[in-house]
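Analysis of the macromolecular model
Here is what each chain is made of, one letter per residue.
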Amino acid sequence: MLLARDGHQVTVLDRDLACPTPGREWEQWERPGVTQFRLAHIMLPRWHAVMSAELPSVLDRVTAAGGQPFNFAGSLPPVPSDSRFHTITARRPILEAAMAAEAAETPGVTLRRGVAVTGLVTQGDRVAGVRLSDGDKILAELVVDCGGRRSALPSWLVEAGLEAPAEERADAGFVYYMRHFHGARPEVRGPLLQHHDSLSILTLPGDNDNWSVGFVTSVRDKPLRALRDPAVWEAALARYPLAAHWAEAAPLTGVVAMGGLVDQWRTVTTPGVVAVGDAACCTNPSLGRGATTGLLHARLLRDVLRAGLPTSFADHTATEIGPWYQTTVWFDRHRIAEIDADATGETYQPADPAWTGAKALYAAACSGNPEALRAQLATACMLTTTPETVPTGIGPRYPLPGATRDQLLSTLTTAA
Ligand SMILES: Cc1cc2nc3c(=O)[nH]c(=O)nc-3n(C[C@H](O)[C@H](O)[C@H](O)COP(=O)(O)OP(=O)(O)OC[C@H]3O[C@@H](n4cnc5c(N)ncnc54)[C@H](O)[C@@H]3O)c2cc1C
């Protein structure tokens, strides 16, 4: 949409079909191309700010479909700058439906669904188009790979005799045990991402009267695999007072478990092709940064093309998107090491003052210190990569009320 509004003729190819009944996306839309389609998603305030500036009519559509306003600074005495922390919440199928409906009506955009890209058309050492599953091919001045984290672009480049992108890739080591609920919207009594001994809890408001709740822990933690059982999951959540009431409603789903989540960075330098979103930069989702990073990246592509500099997109990506990737991976690696240490009864104490500072800031924010909370939210909402202020000293390891590891294990055993 951003490119079409700049006068480019854009063809969007998606191997997944449209929802058969518009308005029934949650119930009916099959999206095998996006495995996390029905898992919890929150759009961070930075996403909302960019969408408000660039594509406000998409936000109107989300609101019309039941998207709910949400301010991350909700529990604080309001100050004018807190509008920075504002966003809209909706389940992913509702968000995607709004985005797709707007794309369908955007002059210059042609949507082709149910057709997969199977390879590249090349001209000398540059990409000149794509081959399709129906035998057709499309020539283009620029191919934009938006194929997500499992995009096959590297193998297509190699098949075409061109250079594969440089790639950094590691399994982040997290697993999610998520559920969706429907009912009277729960009161927000703590941060949406709550850290506890050996796990974190996500409580994510959605559209209409729907929301999601889940545990985030290590794939290596065998005892916590019992969280796949809804009865065990409910008993465990009841041990965390700021989150327990989020499950006091009708469940829309059982427990959906998802692991195998990678941190992945690809540098595509072949002329005629670029990668945007997860296809280029993908991180473990507990900080909820994927869609915002993808949107910043898409806007960057629009700006780079506007300046007539397509060949330097990889450099601009490294400068503008790289810091978000690096800080997210930095957080993930510390947090998964901390969770793994918790599970073995050790205390995670790395020699990294930035991690100590981040822990102290989170603790100060959780204690209700308004200055600390606003500083912590500024990074959580992707307004800045580096905290605006960091308290001195060391805070409690887990400042929020909730079960210790031993209490959690005993709850799991009893519930099982
Ligand atoms: C469990 C989980 C929870 C998450 N939670 C959040 C969150 O709270 N907030 C957030 O911002 N992000 C979250 N994310 C990340 C977010 O889902 C991704 O960052 C985002 O979907 C990336 O968008 P994308 O358009 O780059 O790729 P995708 O959404 O993966 O879309 C890729 C598209 O390409 C199509 N495709 C792929 N290959 C082909 C082909 N060969 N031919 C044609 N079409 C093809 C697919 O059908 C799909 O439509 C989460 C991710 C996971 C796994």
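Residues numbered from 1 in each chain as written. Predicted model: local features only at pLDDT ≥ 70, side-chain atom pairs only at ≥ 80, totals over all residues. Heavy atoms only, no water.

1. Observations concerning the sheet that holds strand β16 (residues 262–267)
The condition is simple: We treat two strands as partners when DSSP finds at least two bridges between them. Per the convention used, a helix needs a DSSP run of H or I reaching at least four residues, while a strand needs a run of E reaching at least two, with both numbered from the N terminus. Residue contacts are counted whenever heavy atoms from the two residues lie within 4.5 Å of one another. Throughout, an axis means a line fitted to C-alpha atoms (over the contacting stretch in the case of helices), and angles, computed between N-to-C directions, take values from 0 to 180 degrees.
Taken together, the three strands give an open sheet; going across it, the order is β9-β16-β18, and neighbouring strands pair in antiparallel fashion. Single-partner strands in this sheet number two, and they are β9 (166–171) and β18 (281–282). As paired strands, β16 and β18 are joined by two bridges and run antiparallel to one another. Bridge pairing links tryptophan 265 to cysteine 281 in β18. Where helix α10 (residues 322–343) meets the sheet, its contacts fall on β9, β16 and β18, and the angle it forms with β16 comes to roughly 155 degrees.

2. Brief notes about the domain arrangement of the protein chain
Heads up, the rule is: Domain delimitation in this document rests on an assignment produced automatically or drawn from a domain database. Buried area is understood as the total, over both parts, of accessible area removed when two parts are fitted together, assessed with a 1.4 Å probe.
You can read the domains of the protein chain as domain 1 (171–258) and domain 2 (344–415). Computed over C-alpha atoms, the centres of domain 1 and domain 2 are 18 Å apart. Buried area between domain 1 and domain 2, summed over both chains or domains, comes out near 1,600 Å², and the portion from carbon and sulfur atoms is 67%. Considering only the side of domain 1, the residues that lose the most area to domain 2 are His195, Asp197 and Arg239, jointly responsible for 35% of the buried surface there.

3. Points about the pattern of salt bridges
The cut-off we apply is this: For salt bridges, the criterion is a side-chain nitrogen of Lys or Arg within 4 Å of an Asp or Glu carboxyl oxygen. Note on classification: 1.4 Å probe, protein chains only; a residue is buried when its accessible area is under 20% of the maximum for its type, exposed when over 50%, partly exposed between these limits.
Under the counting rule described, the total for this entry stands at 23 salt bridges. The salt bridge involving arginine 31 is made with aspartate 14; its shortest N-O contact spans 3.5 Å. On the criterion of sequence distance, the pair formed by arginine 31 in the loop between α2 (25–28) and α3 (45–54) and aspartate 14 in strand β1 (residues 10–14) is long-range, its members being 17 residues apart. For arginine 31, a relative accessible area of 10% puts it in the buried group.

4. Digging into unusual backbone geometry
For residues that are not glycine, phi is negative in most cases, and the peptide bond is trans in most cases. Located in the positive-phi region is serine 198, a residue other than glycine, with phi close to 70 degrees. Along the chain, serine 198 falls in the loop between β11 (193–196) and β12 (199–205). Residue classification places serine 198 among the buried residues on the basis of a relative accessible area of 0%. The residue methionine 382 is not glycine, and still its phi comes out positive at about 65 degrees. Its location among the elements puts methionine 382 in the loop between α12 (370–380) and α13 (405–415). Residue classification places methionine 382 among the buried residues on the basis of a relative accessible area of 0%.

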